[in-house]
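One-letter residues, chain by chain:
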Amino acid sequence: MSKLPNIIVITTHDSGRHFGCYGLPTVTSPAIDRLAAEGVLFEQMNAVSAICSPSRGGLLTGQYPLTNGLVGLAGGSWNWELHDSATHLSHRLRRQGFHTRMFGLQHETESIESLGFDDTSAHGGPNRAPHQRPAPVVARDVAGFLREYDGDQPFYAQVGFFETHTPYSFGDCQPDDAAGVWMPPYAKTHDWPGWAKLLNRFGSDPAFARQHLAELQGAIKQADQGVGIILDALDRAGLADDTLVLFNTDHGPELPGAKWTMYDRGLGIAFIMRWPSGGIGGGRRCPWLLSNVDFLPTLYELLGLAAPDDLQGISFAAACRADVADQPSPRQTTFGNWVDGLNFSARTERHKLIHNLVPLDSTGRKSPAYELYDLQLDPLELTDVHAEPAYAGILADMQARLHDWLAEQKDPTSFGTLPVQDHVQMIADYRRRYEISRGKEPASEGSRA
């Protein structure tokens, strides 16, 4: 590739695959649906975590959270950070000659100055609603930049929308039930953690469930308006053909059985790419099982650049430029973790293993040490078969896959059993061991885990 494209990465909060192009009948998402119709939609893209910072860190460093250090939420009282901010895509592309800009929300660090952006003037500040601007406002900042872009060097624009995080009323967002509301089957069947008592009302209060879903759909509509503004601005500036656009979400929506969990609806994300002059288009749908940690290896291959040695994902560039429905995915297993919940997962095309390190996690949910689901027979992950004799061989295979991955990542659970104590104490011990495994001094006794 003689000329590098511009790159725009758009990320929404807590949206999963809750869009029209992913089959939802009542959601208003014409711009995102348009992007899918003009680009390539990935049907089985999975996040490396079901919470914000670790998922975004995996996407934007090409490393698993256990390696890049962002295993929990960045900043604030959680205080997880990247081990090396130079691994962030902003730094990586800046070293390749890109002009780099941040628009709206980022959730990879407490200190935006540590990332490699040439301009952060349109950054939204802390990851809290009062400090953020609605998606259409953020998108108009992007449109203004595109209008003034002089083309001297390729640009990387990272765009973060607060939508669809709660509160959904953020930015004067209005509920959207013009086409009704769609209740996901998983939201009707999964018990929700005790700390989120409001969402427990889904099963007992239909009016509450309908209102919550209408507000979620309103937030999706507002995020979609932002995407539309950016796509229209690319068209007006004559930049659409030579710009690689990625629209993605960080993890599942704030619904029972989704965000915070290792179930498919917690880790499954929307992922749509378009780059007309680079051969990424045509409205194709890719069925490959993939992980968002695979994005950076793919991007480097698409750009014709040598990938750094520290990337841990697997390139799926072939699926961006051709129909691969009859070919196997280069990835056989995806992995997920939520360290603050002490939950880990491994997924193949057919099976999902969840490892719960404590019998009573931070949400108050009682869990067995292992859960195993046959996704072909049980796509909603309702029937745990880990104790069934017929699945003994599959359980052993999935446990080996997960353990080997944890060992590669130097996860503390792979080289020693954490004491069965209360959750806060266990997290503190996990963090101490994790820091030691990275050659760091353990956090002080009084620091929060």
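Residues numbered from 1 in each chain as written. Predicted model: local features only at pLDDT ≥ 70, side-chain atom pairs only at ≥ 80, totals over all residues. Heavy atoms only, no water.

Caption draft 1: Representation of the overall build of the protein within the structure. Counting secondary structure elements, the protein contains twelve helices and twelve strands. Here the protein has a C-alpha radius of gyration of 21 Å; the compact-globule value for 449 residues is 22 Å, and the two agree. On the principal axes, the C-alpha backbone points of the protein span a range of 60 × 50 × 50 Å. Among the 449 residues that make up the protein, the fraction classed as buried is 59%. Intrachain contacts of the protein at a sequence separation of at least 6 include 69% that bridge at least 24 residues. Of the roughly 17000 Å² that the protein leaves accessible, carbon and sulfur atoms contribute 51%. (Helix = DSSP H or I, 4+ residues; strand = E, 2+ residues; numbered from the N terminus. Rg over C-alpha atoms; globule rule 2.2 N^0.38 Å. Buried < 20%, exposed > 50% of the residue type's maximum accessible area, 1.4 Å probe, protein only. Contact = heavy atoms within 4.5 Å. Areas by Shrake-Rupley, 256 points an atom, 1.4 Å probe, with all protein chains shown as cover.)

Caption draft 2: Focus on the sheet that holds strand E1 (residues 6–12). Strand order in the open sheet made by the eight strands is E4-E3-E5-E1-E6-E7-E2-E8, with mixed pairing throughout. Of all the strands in the sheet, the pair left with one neighbour each is strand E4 (119–123) and strand E8 (284–291). Shown here is a sheet whose adjacent strand axes are inclined to one another by a mean of 15 degrees, direction ignored. Pairing of E1 with strand E5 (residues 155–160), which is carried by five bridges, proceeds in the parallel orientation. Following the sheet pairing, threonine 11 is matched in E5 by glycine 160. Strands in contact with helix H1 (residues 30–38) are strand E2 (40–46), strand E6 (243–249) and strand E7 (271–274); relative to E7, the strand with the most contacts, it is inclined by about 60 degrees. Against the sheet, helix H2 (residues 52–61) contacts E1, E5, E6 and E7, and its axis sits at roughly 165 degrees relative to E1. (Pairing = 2+ DSSP bridges. Axes fitted to C-alpha atoms, helices over the stretch in contact; angles between N-to-C directions.)

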